[in-house]
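# Understanding the architecture of this molecule
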Amino acid sequence: MKKSYLLLAVAMTASLLMSGCGDEQDISSVDASKYVKLGNYKGLSVSVDDTTVTDEEVEETISSNLAAKGTMTAVSGRAVQNGDTVNIDYEGKKDGVVFQGGTAQGYDLEIGSGTFIDGFEDGLVGHEAGEELDLNLTFPENYGSAELAGQDVVFTVKINSISENVVPELDDTVAKELDPEVSTKDEYIAKVREDLEKSKQDSARSEVYAELLEAVEENSEIVSGNKLPSWLVEGIAAEQKSTFEANIKAYGMTMESYLSSFGMTEEQLEEEIKAYAESYAKQELLVHALAQAEGIKLTDEDMNRAYAEYAEKYGYASADAFLSTLKERKGEDNFREATLTEAVEKFLFKNANIENPEMVTWTEE
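Now for a description of the structure that goes with this document. Here the structure is a predicted model, which is why all the values come from computation and not from measurement.

## Details of the packing of helix H8 (residues 266-294) against helix H11 (residues 332-350)
A pair of packed helices can be characterised by two numbers: the angle between their axes and the separation between those axes. At their nearest, the axes of H8 and H11 sit 10 Å apart, and the two run at 60° to each other. Looking at the two axes, H8 sits oblique to H11. Read as a crossing pair, H8 and H11 show a hand that is left-handed. Of H11, the residues touching H8 (which contributes Glu-284, Val-287, His-288, Leu-290, Ala-291 and Glu-294) are Glu-337, Leu-340, Thr-341, Val-344, Phe-347 and Leu-348.

The structure is reproduced here in structure tokens:
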């Protein structure tokens with residue numbers, strides 16, 4: 001199985017605005033060659049994912065964007081169709097007995113969404129508002145509830161109302177509403193294509209960078225376990241746990257309820273975090289070993305360019321505004337590590353054997 005070598009850059013970038021672990025030691029001052037024996041890292045063969053954007057993809061994106069601007073409107077005089085939203089009351093029974101979780105009133109269901117088990121939504125098609133009907137269905141064998149998995153049930157459903165999403169047609173006015181940066185319908189279509197191309201290019205570049213780093217690791221020898229710098233592993237683990245706990249809290253959950261829902265103990269979570277921290281530490285050391293071997297260093301100009309690029313990409317008013325946020329949240333070190341990782345990835349890419357260079361549709365600095 002392909003390892004996720006986006007771990008280092010993506011995870012680090014994702015957490016760069018979180019508070020740092022506060023460790024006084026700095027990986028940039030470590031002689032990574034003591035922990036990493038580099039193997040071959042030049043001339044590695046890789047292929048790039050297809051970044052071509054088709055007319056169909058552009059049309060699908062525009063249709064989806066227009067649908068999001070649609071207005072839900074009640075309809076009458078016709079039966080339920082695929083794509084409609086129906087308001088329903090339903091009651092499910094197994095062997096004539098109502099089962100838990102199978103009853104609701106005033107539920108809005110989009111037909112064709114696949115929200116309910118097979119046969120439920122299709123069974124409503126062709127029926128009109130005010131009708132009540134029975135649906136004889138079977139829960140899938142792999143259903144989450146052991147009591148219902150593979151069981152025959154009957155849903156009694158009343159259709160209260162039918163609504164459809166009235167989607168506007170694309171014209172200059174709607175185009176400007178969808179994207180204030182454009183003035184006409186044609187400009188909007190061109191912008192959608194441009195954004196899709198950029199997205200595919202970013203994805204392809206990230207994937208090929210990840211493959212190159214993975215190949216370098218496979219060719220190299222990196223210490224593990226208690227041979228890794230303990231302060232580095234412990235710092236990563238502490239930061240990961242802090243971020244994890246903050247995310248759980250943001251979703252209104254407690255650690256106890258989260259662990260219970262996944263059938264996991266606190267000890268098992270600690271082990272997973274430790275394994276993650278060790279893997280992360282190895283990747284950091286690998287990146288620094290490569291940087292040391294090739295004399296890759298970040299100048300003030302490099303960092304200022306990185307601040308500006310990130311600020312533009314994520315909607316900050318300026319590079320200074322982004323840097324100010326980094327400093328407030330003690331994320332400068334993480335951002336620098338992410339920037340160094342990208343510099344190393346670019347080096348590997350420039351020195352790789354690209355098997356399908358016609359797919360390299362982005363510009364490498």
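We are not done yet, so read on.
## Considerations on the pairing of strand E5 (residues 97-110)
Where strand E4 (residues 85-94) lies against E5, 8 bridges are found, and the strand directions are antiparallel. Considered in E5, the bridge of Glu-91 is made with Thr-103. Where E4 folds back onto E5 in an antiparallel hairpin, the turn is made up of 2 residues, including Asp-95, whose phi is positive at roughly 55°.

## Remarks on the packing of aromatic side chains
Enumeration over the complete set of coordinates arrives at 23 aromatic pairs. With a centroid separation of 6.2 Å and an interplanar angle of 70°, the aromatic rings of Tyr-90 and Phe-155 are classed as edge-to-face. In this pair, Tyr-90 is assigned in strand E4 and Phe-155 in strand E7 (residues 152-166), connecting sequence segments 65 residues apart. Pair check on accessibility: Tyr-90 and Phe-155 agree, each one buried. Considering the side-chain rings of Tyr-276 and Tyr-280, the 5.5 Å spacing of their centres and the 50° angle between planes classify their relative orientation as tilted. A residue pair is termed a helical-turn pair when its members lie 3 or 4 positions apart in one helix, as Tyr-276 and Tyr-280 do in helix H8 at 4 residues. A residue is classified by how much of its surface remains accessible, and Tyr-280, at 6% relative accessible area, is buried. An aromatic cluster of three or more residues is present, and its members are Tyr-90, Phe-99, Tyr-107, Phe-116, Phe-120, Phe-139, Tyr-143 and Phe-155.

## Looking at the side chain of Asp-179
Relative to the helices and strands, Asp-179 is located in the loop between helix H4 (172-178) and helix H5 (185-219). Side chain to side chain, Asp-179 and Lys-191 meet in a polar contact 2.8 Å long. Those residues in contact with Asp-179 that lie beyond four places of it in its chain are Tyr-188 and Lys-191.

## A short note on the environment of Ala-68
One can find Ala-68 in helix H2 (residues 55-68). Using a relative accessible area of 67% as the deciding quantity, one classes Ala-68 as exposed. Along the sequence, Ala-68 and Leu-178 sit 110 residues apart, while their C-alpha atoms lie 9.8 Å from each other.

## Considering unusual backbone geometry
The phi torsion of most residues other than glycine is negative, and most of the peptide bonds are trans. For Asp-95, which is not glycine, the phi torsion reads 55° and is therefore positive. Within the secondary structure, Asp-95 sits in the loop between E4 and E5. Residue Asp-95 is classed as exposed on the basis of its relative accessible area of 69%. For Lys-330, which is not glycine, the phi torsion reads 55° and is therefore positive.

## What to know about the environment of Ala-293
Relative to the helices and strands, Ala-293 is located in helix H8. Residues Ala-293 and Leu-38, 255 residues apart in the sequence, show an inter-C-alpha distance of 8.9 Å. Residues in contact with Ala-293, not counting those within four places in the same chain, are Leu-38 and Tyr-41.

## Quick notes on a negative patch on the surface
A cluster of acidic side chains, namely Glu-169, Asp-171, Asp-172, Asp-186 and Glu-187, defines a negative patch on the protein surface. Residue placement: Asp-171 occurs in the loop between E7 and H4.

## Considering helix H10 (residues 319-328)
Among the residues making up H10, those that are buried are Phe-322, Leu-323, Thr-325 and Leu-326. Buried residues of H10, seen end-on, are gathered within an arc of 155° and therefore sit on one face of the element. In H10, those exposed residues whose orientation departs by more than 90 degrees from the buried face are Asp-320 and Glu-328. In this fold, the buried residues of H10 make contact with helix H9 (300-313) and H11. Lys-330 lies just past H10 and shows a positive phi near 55°.

Thresholds applied
Residues numbered from 1 in each chain as written. Predicted model: local features only at pLDDT ≥ 70, side-chain atom pairs only at ≥ 80, totals over all residues. Heavy atoms only, no water. Axes fitted to C-alpha atoms, helices over the stretch in contact; angles between N-to-C directions. Helix = DSSP H or I, 4+ residues; strand = E, 2+ residues; numbered from the N terminus. Parallel < 35°, antiparallel > 145°, perpendicular 65-115°, else oblique. Left-handed = near helix turned anticlockwise from the far one by under 90°. Contact = heavy atoms within 4.5 Å. Pairing = 2+ DSSP bridges. Phe/Tyr/Trp six-rings, centres within 6.5 Å; stacked < 30°, edge-to-face > 60°. Buried < 20%, exposed > 50% of the residue type's maximum accessible area, 1.4 Å probe, protein only. Polar contact = N/O pair within 3.5 Å; in protein donor to acceptor, adjacent residues only side chain to side chain. Patch = residues over 30% accessible without salt bridge, like charges linked within 9 Å, V, L, I, M, F, W, Y side chains within 5 Å. Areas by Shrake-Rupley, 256 points an atom, 1.4 Å probe, with all protein chains shown as cover. Salt bridge = Lys/Arg side-chain N within 4 Å of Asp/Glu carboxyl O. Lys, Arg positive; Asp, Glu negative; His and termini not counted. Charge placed at Lys NZ, Arg CZ, Asp CG, Glu CD. Arc of directions from axis to C-beta.

Without other data, these values stay purely geometric and don't point to any function.
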